[in-house]
Amino acid sequence: MVLDPVPLQLLSEFFPNGISRYAVGGLFVGLGASIIYLGTGISAGASTFLESTLSYVSDQSRFKQYVASRDWRLVFTFGIIMGAAVYALLYQDGAWTTSVQPWRLFVGGVLVGVGTRVGKGCTSGHGVCGVGSASRTSLVGVVTFLLVAIGVAQLVAALGVTP
């Protein structure tokens, strides 16, 4: 069987650095989420990090719900940060830079934080764990995240906004 070169050409357009690093990264994310679920019975999502961290310093009942799981959430988040650091060391000569203005990073972070609370979770929780467990809520959430992200990206590009 001979593969049609057009789909391969499209793949190289979407993945100019090759598909292997994305496939390996996806396998690690899936493996990590599986290990966390098997070890704790809790879906691995990053959006509850701030709330679980606040349980160390606040006596409010809203934050106390995370006391039992806050330690592994810190390790989980540390792993995300360390994964990015290792990638930067191996593939970017140890530097992580961006041309995005700091105020835009801050505003974007706040909007993402609010969105994860309104959406009752983040793309990692819904996209990896929720879709993986065939949750209807997560499937709807992921489709909504993607449609909104694609729409906003197209709008920003049409407006000519740059970092």
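Residues numbered from 1 in each chain as written. Predicted model: local features only at pLDDT ≥ 70, side-chain atom pairs only at ≥ 80, totals over all residues. Heavy atoms only, no water.

Moving on to the overall build of the chain. The helix and strand inventory of the chain stands at eight helices and zero strands. Taken from the N to the C terminus, the helices and strands of the chain come in the order α-α-α-α-α-α-α-α. Taking the principal axes of the C-alpha coordinates as reference, the chain spans close to 60 × 40 × 40 Å. Looking at the chain residue by residue over its 163 residues, the buried ones come to 18%. Considering only contacts in the chain between residues 6 or more positions apart, those separated by 24 or more positions represent 52%. Surface accessibility of the chain: about 12,100 Å² in total, with carbon and sulfur atoms responsible for 71%. Charge separation in the chain, taken as the distance between the mean sites of 9 positive and 6 negative side-chain charges, equals 12 Å. (Helix = DSSP H or I, 4+ residues; strand = E, 2+ residues; numbered from the N terminus. Buried < 20%, exposed > 50% of the residue type's maximum accessible area, 1.4 Å probe, protein only. Contact = heavy atoms within 4.5 Å. Areas by Shrake-Rupley, 256 points an atom, 1.4 Å probe, with all protein chains shown as cover. Lys, Arg positive; Asp, Glu negative; His and termini not counted. Charge placed at Lys NZ, Arg CZ, Asp CG, Glu CD.)

Turning to helix H8 (residues 136-159), a few remarks are in order. Counted at 1.5 Å a residue, the expected span for H8 with its 24 residues is 34 Å, and the 34 Å between its end C-alpha atoms agrees. Along H8, the positions that sit buried rather than exposed are Ser138, Gly141 and Val142. Just downstream of H8 lies Gly160, where phi reads positive at about 75°. (Expected span 1.5 Å × (residues − 1).)

Here the focus is the packing of helix H2 (residues 20-40) against helix H5 (residues 70-91). Between two packed helices, both the angle of their axes relative to each other and the distance between the axes serve to describe the pair. Where H2 contacts H5, the two axes come as close as 13 Å, and the packing angle between them is 165°. If you check the angle between H2 and H5, you find them roughly antiparallel. At the point where H2 passes H5, the crossing takes the right-handed sense. Contact residues: H2 offers Arg21, Ile36 and Thr40, while H5 offers Trp72, Phe76, Tyr87 and Tyr91. Taken together, the residues of the contact of H2 with H5 sort by class into five nonpolar, one polar and one charged. (Axes fitted to C-alpha atoms, helices over the stretch in contact; angles between N-to-C directions. Parallel < 35°, antiparallel > 145°, perpendicular 65-115°, else oblique. Left-handed = near helix turned anticlockwise from the far one by under 90°. Nonpolar A, V, L, I, M, F, W, Y, C, P; charged D, E, K, R; others polar.)

On to the packing of aromatic side chains, then. On inspection of all chains with the given rule, the structure shows one aromatic pair. Between Tyr87 and Tyr91 the ring centres are 4.9 Å apart and the planes differ by 35°, which places this aromatic pair in the tilted class. In this pair, Tyr87 and Tyr91 are both assigned in helix H5, four residues apart and thus about one turn of the helix distant. The side chain of Arg21 reaches across the aromatic face of Tyr91, ending 4.7 Å from its centre. (Phe/Tyr/Trp six-rings, centres within 6.5 Å; stacked < 30°, edge-to-face > 60°. Lys NZ or Arg CZ within 6 Å of the ring centre and 35° of its normal.)

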